[in-house]
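A closer look at the structure
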Amino acid sequence: RITMRWDVPGMSALWRGIFGSSVVPGPTQVAAYCCSHMVVSRDRIRLRTKRFYEDTLRFMTSPASYALLPTASPFAAEDDLKGRLACQNMMFVWHVLFGEPLYLP
């Protein structure tokens with residue numbers, strides 16, 4: 001299980017940024033396995049369009065996504081964008097992105 005907590009403001013913005021949805025699950029509705037370890041079939045990857053993945057990559061590598069991390073700095077330096085991205089929180093959403101239910105046992 002994940003030991004990090006679902007930060008409601010940050011995860012809400014991340015969810016909206018990736019899925020474009022105004023409906024965001026709450027912290028008790030999502031359960032995932034730690035650290036983004038996964039095996040994904042080609043069919044699951046193709047559930048979403050190439051454009052979806054391009055948009056997600058663009059969002060995740062933008063200064064706007066960096067602001068979703070709990071950090072003392074209110075801005076993203078270039079090195080931050082290369083290394084410490086909001087992708088740290090992606091462990092909460094990979095399974096959903098590839099078509100699994102929100103809550104994994």
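Just so you know, these numbers come straight off a predicted model, no measurement behind them.

The subject of this paragraph is the overall build of the protein. In terms of regular secondary structure, the protein is built from 6 helices and 0 strands. Helices and strands in the protein line up, N terminus first, as α-α-α-α-α-α. Surface exposure of the protein reaches about 6800 Å², of which carbon and sulfur atoms provide 59%.

Right, let's get into the pattern of salt bridges. Applying the stated criterion to the full structure yields 4 salt bridges. For Glu-54, the salt bridge is made with Lys-50, and the minimal N-O distance between the two is 3.9 Å. Of this pair, Glu-54 and Lys-50 both sit in helix α3 (residues 50-60), 4 residues apart, which is roughly one turn of the helix. One connected set of salt bridges, linked through shared partners, spans Arg-51, Asp-55 and Arg-58.

With that settled, consider the packing of aromatic side chains. Within this structure, the stated rule accounts for 5 aromatic pairs. Following the ring pairs from residue to residue traces out a cluster consisting of Trp-15, Phe-19, Phe-52, Tyr-53, Trp-94 and Phe-98. The cationic tip of Arg-48 hangs over the ring face of Phe-52; the distance from NZ or CZ to the ring centre is 4.6 Å.

When we look at burial in α3, the residues that qualify are Phe-52, Thr-56, Phe-59 and Met-60. The buried residues of α3 occupy one face: seen down the axis, they fall within an arc of 90°. Residues of α3 that are exposed and point over 90 degrees away from its buried face: Lys-50, Arg-51, Leu-57 and Arg-58.

Rules and cut-offs
- Residues numbered from 1 in each chain as written.
- Predicted model: local features only at pLDDT ≥ 70, side-chain atom pairs only at ≥ 80, totals over all residues.
- Heavy atoms only, no water.
- Helix = DSSP H or I, 4+ residues; strand = E, 2+ residues; numbered from the N terminus.
- Areas by Shrake-Rupley, 256 points an atom, 1.4 Å probe, with all protein chains shown as cover.
- Salt bridge = Lys/Arg side-chain N within 4 Å of Asp/Glu carboxyl O.
- Phe/Tyr/Trp six-rings, centres within 6.5 Å; stacked < 30°, edge-to-face > 60°.
- Lys NZ or Arg CZ within 6 Å of the ring centre and 35° of its normal.
- Buried < 20%, exposed > 50% of the residue type's maximum accessible area, 1.4 Å probe, protein only.
- Arc of directions from axis to C-beta.

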